[in-house]
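Coordinate analysis (summary)
As a plain string of letters, each chain reads:
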Amino acid sequence: MQEQESEAQILTALVLQGAGALGAYECGVIKELYRSRKKGDQEFRPDVITGISSGAINAAILASSGIETLEKVWLEDFALLENGHGTPAWTFPESLARYTPPVVRESYESMVRMFEPVTATLEPFYRNVLPPIAQQYLGYIGNESMYRLRHEYFFLPPFAALMTTSIYDTAPLKETLVKKLGQEEHLGALNKNCSVVVTAANAETGEPAYFGNTVCLQDAEKCNEAKEFANLTELTVEHILASGSLPPSFPATQIEGNYYYDGGLFLNTPLRVAIDCLKRIKRVRNLPEAKLEVIVVEAFPMRGNLPSNVEDTLYRASDIMFSSKIELDDKLFRRFNSVVDLTGDIEHLGKLATSLANKYDKLNEQLKQELQAAGFEEKIHKLRDGFKEVEEHPELKELEQYQKIDYFTRVPFCVAHNLKNPSDFTRETLKKRIDAGAEEAHRQGIDRPKKVDTETVKAAKKADQK
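Bear in mind the structure is a predicted one, so any value in this text is a computation, not a measurement.

What follows concerns the pattern of salt bridges. Scanning the model with the defined rule gives 17 salt bridges in all. The partner of arginine 35 in a salt bridge is glutamate 32, with the nearest N and O atoms 2.7 Å apart. Here glutamate 32 and arginine 35 lie together in helix H1 (residues 23–36), a separation of 3 residues that amounts to about one turn. Between lysine 431 and aspartate 435 there is a salt bridge; the shortest N-O distance is 3.0 Å. Placement of the pair is lysine 431 and aspartate 435 together in helix H19 (residues 427–443), with a separation of 4 residues, close to one helical turn.

Turning our eyes to something else, we now look at the side chain of aspartate 406. Its location among the elements puts aspartate 406 in the loop between helix H18 (394–400) and strand E12 (407–411). Buried within the structure, aspartate 406 lacks any salt-bridge partner; lysine 291 is the closest side chain of opposite charge, at an N-O distance of 4.3 Å. Only 2.9 Å separates the side chain of aspartate 406 from the backbone nitrogen of leucine 292, close enough to count as a polar contact. For aspartate 406, the residues in contact, after removing those within four places along its chain, are Lys291, Leu292, Lys450, Lys451 and Val452.

Attention shifts here to the sheet that holds strand E5 (residues 147–149). Strand order in the open sheet made by the 3 strands is E4-E5-E6, with antiparallel pairing throughout. Among the strands making up the open sheet, the edge pair consists of strand E4 (142–143) and strand E6 (168–169). Pairing of E4 with E5, which is carried by 2 bridges, proceeds in the antiparallel orientation. Its bridge partner lying in E5, glycine 142 is registered against arginine 148. Sitting on the sheet, helix H9 (residues 171–181) touches E4, E5 and E6, and the angle it makes with E5 is about 165°.

To continue, consider the environment of lysine 222. Looking at where lysine 222 falls in the secondary structure, it is placed in helix H11 (residues 214–222). The spacing of lysine 222 and arginine 280 is 58 residues in sequence and 8.6 Å in space, taken between C-alpha atoms.

Counting 68 residues, the largest nonpolar core has Leu14, Trp74, Phe211, Ile240 and Phe425 as the members making the most contacts within it. Ignoring anything within four residues of it in the chain, the contact list for tryptophan 74 reads Gly20, Ala21, Gly23, Ala24, Cys27, Asn58, Ala79, Phe425, Leu430 and Ile434.

At their nearest, the axes of H1 and H19 sit 6 Å apart, and the two run at 45° to each other. Taken together, the axis directions place H1 and H19 in an arrangement best described as oblique. Considering how the two elements wind past one another, H1 and H19 form a crossing that is right-handed. Together, Ala24, Tyr25, Cys27, Gly28, Val29, Lys31 and Glu32 of H1 and Leu430, Arg433, Ile434, Ala436, Gly437, Ala438, Glu440, Ala441 and His442 of H19 make up the contact between the two elements. Partitioning the contact of H1 with H19 into residue classes produces 9 nonpolar, 3 polar and 4 charged.

Moving on: the confidence of the model for the chain. Fine structural detail should not be taken from predicted coordinates in areas where pLDDT scores are low. For the chain, the mean per-residue pLDDT works out to 81, and 72% of the residues sit at or above 70. For the stretch residues 456–461, pLDDT sits under 50, and the model shows 5 contacts to residues farther than four places along the chain or on other chains.

Moving on to helix H2 (residues 54–65). In this model H2 runs 16 Å from its N-terminal to its C-terminal C-alpha over 12 residues, within 8% of the 16 Å that 1.5 Å per residue would give. By the criterion of burial, H2 is predominantly enclosed, with 11 of the 12 residues buried. Those residues of H2 not exposed but buried are Ser54, Gly55, Ala56, Ile57, Asn58, Ala59, Ala60, Ile61, Leu62, Ala63 and Ser64. Of the residues trailing H2, glycine 66 is marked for its positive phi of about 100°.

What follows deals with the pairing of strand E8 (residues 208–212). Within E8, 4 of the 5 residues are buried, which leaves the element mostly enclosed by the surrounding structure. The pairing of strand E7 (residues 195–202) with E8 spans 5 bridges and is classified as antiparallel. Bridge pairing links valine 197 to glycine 212 in E8. The antiparallel hairpin formed by E7 and E8 contains 5 residues in its connecting segment, where glycine 206 sits at a positive phi of about 80°.

Residues Phe154, Phe155, Leu156, Phe159, Leu162 and Met163 make up a contiguous nonpolar surface patch of roughly 610 Å² in combined accessible area. Every element with two or more residues in the nonpolar patch is listed here: helix H7 (152–155) and helix H8 (157–163). Among the elements that line the nonpolar patch, the one with the most residues is H8, at 3 residues. Mapped onto the elements of the fold, leucine 162 is located in helix H8.

This next bit is on unusual backbone geometry. When glycine is set aside, most residues are seen to have a negative phi, and most peptide bonds are trans. In the segment running from proline 247 into proline 248, the intervening peptide bond is cis, with an omega of -5°. As for its position among the elements, proline 248 is in the loop between helix H12 (237–243) and strand E9 (253–255). Positive phi values are uncommon outside glycine, yet asparagine 286 reaches one of about 55°. With respect to the helices, strands and loops of the structure, asparagine 286 is situated in the loop between helix H13 (271–284) and strand E11 (291–297).

Moving on to helix H3 (residues 67–77). Every buried residue belonging to H3 is among Ile67, Leu70, Glu71, Val73, Trp74, Leu75 and Asp77, and all of these are buried. Of the surrounding elements, those touching the buried residues of H3 are H1, H2, E4, H9 and H19.

For the rest of this paragraph, the subject is the side chain of asparagine 143. Examined against the element boundaries, asparagine 143 turns out to sit in strand E4. Judged by its relative accessible area of 0%, asparagine 143 is buried. Residues contacting asparagine 143, with those up to four places away along its chain left out, are Asp77, Phe78, Leu80, Pro172 and Phe425.

Criteria and cut-off values
Residues numbered from 1 in each chain as written. Predicted model: local features only at pLDDT ≥ 70, side-chain atom pairs only at ≥ 80, totals over all residues. Heavy atoms only, no water. Salt bridge = Lys/Arg side-chain N within 4 Å of Asp/Glu carboxyl O. Helix = DSSP H or I, 4+ residues; strand = E, 2+ residues; numbered from the N terminus. Buried < 20%, exposed > 50% of the residue type's maximum accessible area, 1.4 Å probe, protein only. Lys, Arg positive; Asp, Glu negative; His and termini not counted. Polar contact = N/O pair within 3.5 Å; in protein donor to acceptor, adjacent residues only side chain to side chain. Contact = heavy atoms within 4.5 Å. Pairing = 2+ DSSP bridges. Axes fitted to C-alpha atoms, helices over the stretch in contact; angles between N-to-C directions. Core = buried A, V, L, I, M, F, W, Y, C linked by side-chain atoms within 4.5 Å. Parallel < 35°, antiparallel > 145°, perpendicular 65-115°, else oblique. Left-handed = near helix turned anticlockwise from the far one by under 90°. Nonpolar A, V, L, I, M, F, W, Y, C, P; charged D, E, K, R; others polar. pLDDT = per-residue confidence, 0-100. Expected span 1.5 Å × (residues − 1). Patch = residues over 30% accessible without salt bridge, like charges linked within 9 Å, V, L, I, M, F, W, Y side chains within 5 Å. Areas by Shrake-Rupley, 256 points an atom, 1.4 Å probe, with all protein chains shown as cover.

In structure tokens, the structure reads:
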């Protein structure tokens, strides 16, 4: 929560996209946000954090343990070739286990244990001998803290796609998240510090599934909106994992009989759910004068250069598919605020019409007869009844529930071309992304809320007319 010069309370929502290793850029933006908005010994903390995939991981760790832990996770746990990370943990393929005699499986596992010291010695080789450009592609083999290549693609490459539903296994990521979030202390903090929502997509229905933490679910229950969420109690590791289950790279995550994919398949910017959370907080905590702020961190740029090779084409396609289309959202905020103002004006005019009709009814009979002869009575009652009909319209009643967004900041994705590979988990690249995110956040003036004002609305309308 932040305080403006006018002492008006500001409720802040932080919106994080899904982006694989590009999530380190989000970490840098958050780092600058927390640094620049710290007031003495008082740490900054958003009221709402929503995220998808790597954005969901960032949201969960940030809410439970803070920005310092989040940066440490990226540079130590997720970074390849650091502290023993980077060598895939080899286990016997599950899809082959039931067709293989126990003695064969035991022999395989013994061989793996025997060669573990050898594979560990390869990491210095990767780090010191392989050129940096080659190290950037090691993530396609696996990341010991996040995912590992399924062994079917080594043993039976021609048939692997027929035997599995994904290229990688995400068991390592689950283990990492359990270590970081599974302890009672961290899981409790995740569910009580602020509202957190992560988004997944139901693998069968294709519809979005919103998983909220305890704080968020309690607010939704008080507003009779709990049915919008797919979970009933606290936010868990499985929900975070589900939000990042991007096919065909990663398998669907099963939760209570349902299977979920990465929420970015449906929409990669969880903006609406963030605004809904702010609205509930304002209502539940009885803060009618509070202002609402939304901060959106991009991990995929909408605009880009024309690709010159297949690799660049893949990156560009990902940019277009997973970008937030935030330019539209920026205009939408301004227009939406105008619509909210319009609903208020309609309500005000309706009250004036009712007041006018009531005053007319209290006039003496002689004056009423004169006005009636002039046709005023019919017009006054039509005006009152017309506004009453408009006010009772279900669409207008729904609009009246929305709140204006008073402050909006967009932090675009701005990095060098060699930092755009979402599978590059080398520490040097992750560190550069974090630094780039912090620099861009500073450039965007994230240290204070950016107001969406009437003049901006008028300018936007003129620009649209041109």
